[in-house]
Amino acid sequence: MLNTFTDDYLDGLGCRDFAPRAKVSGRLSSYDGLLMEAVGLSLPVGTVCTVGDGATRIEAEVIGFRAGRTLMMNLGGPAALLPNAPVRPIGSPGEAEVGAALLGRVVDGAGKPIDGLGPVRGAGKWPLAGKLQSPLDRGRVLQPLDVGVRAINGLLTIGQGQRVGIMAGSGVGKSVLLGMIVRAAQADVVVVGLIGERSREVADFLETKVFGAARARAVVVAVPANHSPVLRIRGALRATAIAEAFRAEGKQVLLIMDSLTRVAHAGREIGLALGEPASARGYPPSAIAMLPSLIERAGTCVSSGGSITAIYTVLADGDDGNDPVVDSARSILDGHIVLSRALAERGVYPAIDLGPSVSRVMTDIATKDHLYAARVLRRHLATYEENRDLVLMGAYRPGADPEIDAAIACHPAVMEYVRQGADEIVTLPDAVAELTGVFGDG
C-alpha cells in the first residue's frame, strides 16, 4: 500500500520534459570603478550581468574581450564589490519597450519608469539597434513642419522627415529653443531624449516645456550626466527605437535629442576604457563612427507613410565650429541651425546666426515667393554684417552704396523678425506671410 502511494505521488510530481541546465557563472577579477574584468564565462557583447550578491549586487554590460577575459562596464553607481564576486548573465538588452503605452511616461536608459506612475503595461518590442532599411525605402522630404519659431519657419524651413542640428556653445539657448519647438510642433508624437544633461534640467524640461497637452503625446527618455556611459548610449538608442516604432505605425514623429555631443562623450569614455587610441580632440574613431548609425535611423518611411523629424543639439566645445562632433554631425544632417553667443549677448533670442545656418531641404518644400523673400533678407543681413564696423565708426557716408543703404534701412526689420519670446508661437503661414510682406518686393 505504501509503495503504491509513493509511486503514484512521485509520478504526479515528476516532469517528463525536465532537463537540468547548468547556470552560467563567472568571477570578478578586476574592477577600477568603471571597467570590470571577469573570468570563467564567455558572453556576447551587449549581455547584461549581475555582479556580486545581496545588497552589493549591481548590473553591468559586456562591452568587449581582452586576453581571455570578459570586459564589462558598470551600469550603476559605486559598489562595494569584492574580488572574485560572482558574475551571472541575466539577459540581453537588445529590445526596447515601445508603443502607445509609453505616451506621457518618463523612462531611464534601461527602460524603467522614473515618473512614479507604476510599470509600463501593454508595450510592444522593438530592436534597440533598429531595423536596417534600404535607401530606397526612405522617401523624399516634401512637406513642411510647423515648429512655431518665426525665424526657423520663415528662413530655415524644416520638413517632415528632416534631420537638423542645433549647434552652439554652452549657455547660448539650445534648451530654450528646443522647448519652443516641443510646445508648438505639429506632430502626432514627440519623443524627447535628454542624454547626459544635468538632473536639474531634466526636471525643469518636464515641468516647463513638456506639460499639459504636449505631455500627453510625448515620451521622455532621461539619462542624466552622472549615469554610466553605457546607459547614456542605450538612452539614445532607446529614444530612437521608440520613435521608429511610432513611424512604423504611420505617425509623424518629432524626435528631440539633447544632446548628441553627450552621446559622443559616452562613446569616448567607453572607447578609451577599452584601450582604443585617441585621435582628434581625444575622440577614438568608434565614438565618431557611432553618430552616422544613430542619425541615419531618422527620416521618412515609404511603406508606412510615417516619418521621424529629428532635431539634435550639438554642443560646440569652446564655441569651436570645427569640433570633431560638430563637423561630423554637420556632414550627416540635412541642415543645421547655428546659435551665436554674440547675438545672445546683444539680447537677441533665439540667437540664430542666419549666415552659417542652412536647411538643405527648404528649396523642396517652400514656394518661390517664400524662397525669394528669404534670400532678400539674408542678402540684407550679410551686407550689413560685412559693413557693420564702418557704419558704427561713422566711416560710411549714406548714399555711397545703394545696397548698404538698403541693408541699414532693413536691419531693424530683420532683427525684429528674428526675435521671438520664449512663450510666443508663430505659425508657419504667419511667418511666411510676414516675411513675404516685408521682403517680398526686394
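Rules and cut-offs
- Along each chain, the written sequence defines residue order, and numbers are assigned to residues from 1.
- Local features in this predicted model are restricted to residues of pLDDT 70 or higher, and side-chain atom pairs are both shown and tallied only at a pLDDT of 80 or more, whereas totals for entire chains, interfaces and linings draw on every residue.
- With hydrogens and water set aside, each side-chain value is computed from the structure's full complement of heavy atoms.
- Counting from the N terminus, the helices are the DSSP runs of H or I reaching at least four residues and the strands are the DSSP runs of E reaching at least two.
- Whether a residue is buried, partly exposed or exposed follows from its accessible area with a 1.4 Å probe, protein chains only, as a fraction of its type maximum: under 20%, in between, or over 50%, in that order.
- Residues count as neighbours in contact if any of their non-hydrogen atoms are within 4.5 Å of one another.
- The method behind every accessible area is Shrake-Rupley, applied with a 1.4 Å probe, and residues are considered shielded solely by the protein chains displayed.
- Asp and Glu count as negative and Lys and Arg as positive, but His and the ends of the chain are not part of the count.
- Each charge is placed at NZ for Lys, CZ for Arg, CG for Asp and CD for Glu.
- Think of the arc as the fan of directions from the helix axis to the C-beta atoms.
- UniProt positions are given in the numbering used here, feature names are shortened, and annotations may be inferred rather than shown by experiment.
- Working definition: a ring pair exists when centres of Phe, Tyr or Trp rings (six-membered ring for Trp) sit within 6.5 Å. Plane angles under 30 degrees give stacked, over 60 give edge-to-face, the rest tilted.
- Distance and angle both matter: a charge sits over a ring if NZ of Lys or CZ of Arg is within 6 Å of the ring centre and within 35 degrees of the ring normal.
- An automatic or database domain assignment supplies the residue ranges for each domain.
- As used here, the term nonpolar core means buried Ala, Val, Leu, Ile, Met, Phe, Trp, Tyr and Cys residues forming a set that is joined through side-chain atoms within 4.5 Å.
- Only C-alpha atoms enter the line fits that serve as axes; for helices the fit covers just the stretch in contact. Angles between N-to-C directions range over 0 to 180 degrees.
- When describing relative orientation, an angle under 35 degrees is termed roughly parallel and one over 145 degrees roughly antiparallel, while 65 to 115 degrees is termed roughly perpendicular and anything else oblique.
- Working rule for handedness: look at the near helix, and if it is turned counterclockwise from the far one by less than a right angle, call the crossing left-handed; if clockwise, right-handed.
- Just to be clear on terms, a salt bridge is a Lys or Arg side-chain nitrogen sitting within 4 Å of an Asp or Glu carboxyl oxygen.
- For this classification, the nonpolar set comprises Ala, Val, Leu, Ile, Met, Phe, Trp, Tyr, Cys and Pro, the charged set comprises Asp, Glu, Lys and Arg, and every other residue, Gly included, is treated as polar.
- At least two bridges found by DSSP between two strands are what make those strands a pair.
- Known as pLDDT, the predictor's confidence for each residue is given on a scale from 0 to 100.

Caption draft 1: Region of interest: the overall build of the chain. Looking only at helices and strands, one finds 15 helices and 17 strands in the chain. Principal axes of the C-alpha set define a box for the chain whose edges measure 120 × 45 × 40 Å. Taking all 442 residues of the chain together, the buried fraction comes to 50%. Long-range contacts, defined as pairs at least 24 residues apart, comprise 72% of the intrachain contacts of the chain with a sequence gap of at least 6. Within the structure as shown, the chain displays about 20,500 Å² of accessible surface, and the carbon and sulfur contribution to it stands at 55%. If the 44 positive side-chain charges of the chain are averaged to one point and the 48 negative ones to another, these points end up 3 Å apart.

Caption draft 2: Highlighting the environment of Val-391. As for its position among the elements, Val-391 is in helix 13 (residues 388–393). Residues within four places of Val-391 in sequence aside, it is in contact with Tyr-396 and Ile-408.

Caption draft 3: Region of interest: helix 4 (residues 199–208). Of the residues making up helix 4, those classed as buried are Glu-201, Val-202, Phe-205 and Leu-206. The buried side chains of helix 4 occupy one side of the element, clustering within an arc of 135 degrees when seen end-on. Exposed and oriented more than 90 degrees from the buried face of helix 4 are Arg-200 and Glu-207. Close packing links the buried residues of helix 4 with strand 8 (106–107), helix 3 (174–184), strand 11 (189–195), helix 5 (213–216) and strand 12 (218–223).

Caption draft 4: Highlighting the UniProt feature "domain: AAA+ ATPase" (unreviewed entry) in the chain. Here the UniProt-annotated "domain: AAA+ ATPase" (unreviewed entry) positions come out as residues 160–343. For residues 160–343, the end-to-end C-alpha separation is 29 Å, with 45% helix and 22% strand making up the annotated structure.

Caption draft 5: Seen up close, the packing of aromatic side chains. Overall, the coordinates contain zero aromatic pairs when judged by the stated rule. Between Arg-150 and the ring centre of Tyr-417, over which it is positioned, the NZ or CZ distance is 5.9 Å.

Caption draft 6: The domain arrangement of the chain, seen in detail. In terms of domain boundaries, the chain breaks down into domain 1 (26–89), domain 2 (95–365) and domain 3 (370–439). Here the C-alpha centre of domain 3 lies 59 Å away from the C-alpha centre of domain 1.

Caption draft 7: Inspection of the nonpolar core at higher detail. One finds Ile-152, Ile-181 and Leu-254 to be the most contacted residues of the largest nonpolar core, which totals 57 residues. In terms of residue count, helix 12 (residues 368–386) provides more of this core than any other element does, six residues in total. Here this core spans two domains, and each of domain 2 (95–365) and domain 3 (370–439) adds at least three residues to it. Listed in part, the 55 residues of the second largest apolar core include Leu-35, Val-191, Leu-255 and Ile-270.

Caption draft 8: Representation of helix 9 (residues 324–332) within the structure. Of the positions making up helix 9, those classed as buried are Pro-324, Val-325, Val-326, Ser-328, Ala-329 and Ile-332. Packed against the buried residues of helix 9 are strand 10 (163–168), helix 7 (260–273), helix 8 (285–295) and strand 15 (307–315).

Caption draft 9: Structural view of the packing of helix 7 against helix 8. Where helix 7 contacts helix 8, the axes come no closer than 8 Å and their chain directions differ by 135 degrees. In this view, helix 7 runs oblique relative to helix 8, as classed from their interaxial angle. When the axes of helix 7 and helix 8 are compared, the crossing they make is right-handed. Contacts from Leu-260, Val-263, Ala-264, Gly-267, Arg-268 and Gly-271 in helix 7 reach Ser-286, Ala-287, Met-290, Leu-291, Leu-294 and Ile-295 in helix 8.

Caption draft 10: Seen up close, the pattern of salt bridges. Taken as a whole, this structure holds 17 salt bridges when the rule is applied. A salt bridge links Arg-105 to Asp-115; the nearest nitrogen and oxygen atoms lie 2.7 Å apart. Of the two residues, Arg-105 sits in the loop between strand 7 (95–98) and strand 8 while Asp-115 sits in the loop between strand 8 and strand 9 (124–127), which places them 10 residues apart along the sequence. The partner of Arg-232 in a salt bridge is Glu-269, and the shortest N-O contact between them spans 3.2 Å.

Caption draft 11: Broad picture of the packing of helix 8 against helix 9. Running from N to C, helix 8 and helix 9 cross one another at 35 degrees; their axes reach a closest spacing of 10 Å. At the point where helix 8 passes helix 9, the crossing takes the right-handed sense. Counted together, Ile-288, Leu-291, Pro-292 and Ile-295 of helix 8 and Pro-324, Val-325, Ser-328 and Ile-332 of helix 9 form the full contact between these two elements. For the contact of helix 8 with helix 9, the per-class residue count stands at seven nonpolar, one polar and no charged.

Caption draft 12: Expanded view of the sheet that holds strand 4 (residues 58–66). The strand order around the closed barrel built from six strands is 1-2-5-4-3-6, with neighbouring strands paired in antiparallel fashion. When the angles between neighbouring strand axes are averaged without regard to direction, this sheet yields 45 degrees. Of the pairings in the sheet, the one linking strand 1 (residues 26–31) to strand 6 (residues 86–91) comprises two bridges and is antiparallel in character. Across the sheet, Gly-26 pairs through a bridge with Val-87, a residue of strand 6. Where helix 6 (residues 229–248) meets the sheet, its contacts fall on strand 3 (48–51), strand 4 and strand 5 (69–74), and the angle it forms with strand 4 comes to roughly 95 degrees.

Caption draft 13: Expanded view of the confidence of the model for the chain. Looking at the chain as a whole, the pLDDT averages 87, with 95% of positions reaching at least 70. Confidence, expressed as mean pLDDT per element, reaches its minimum in the chain at helix 1 (residues 2–13) with 57 and its maximum at helix 2 (residues 150–155) with 95.

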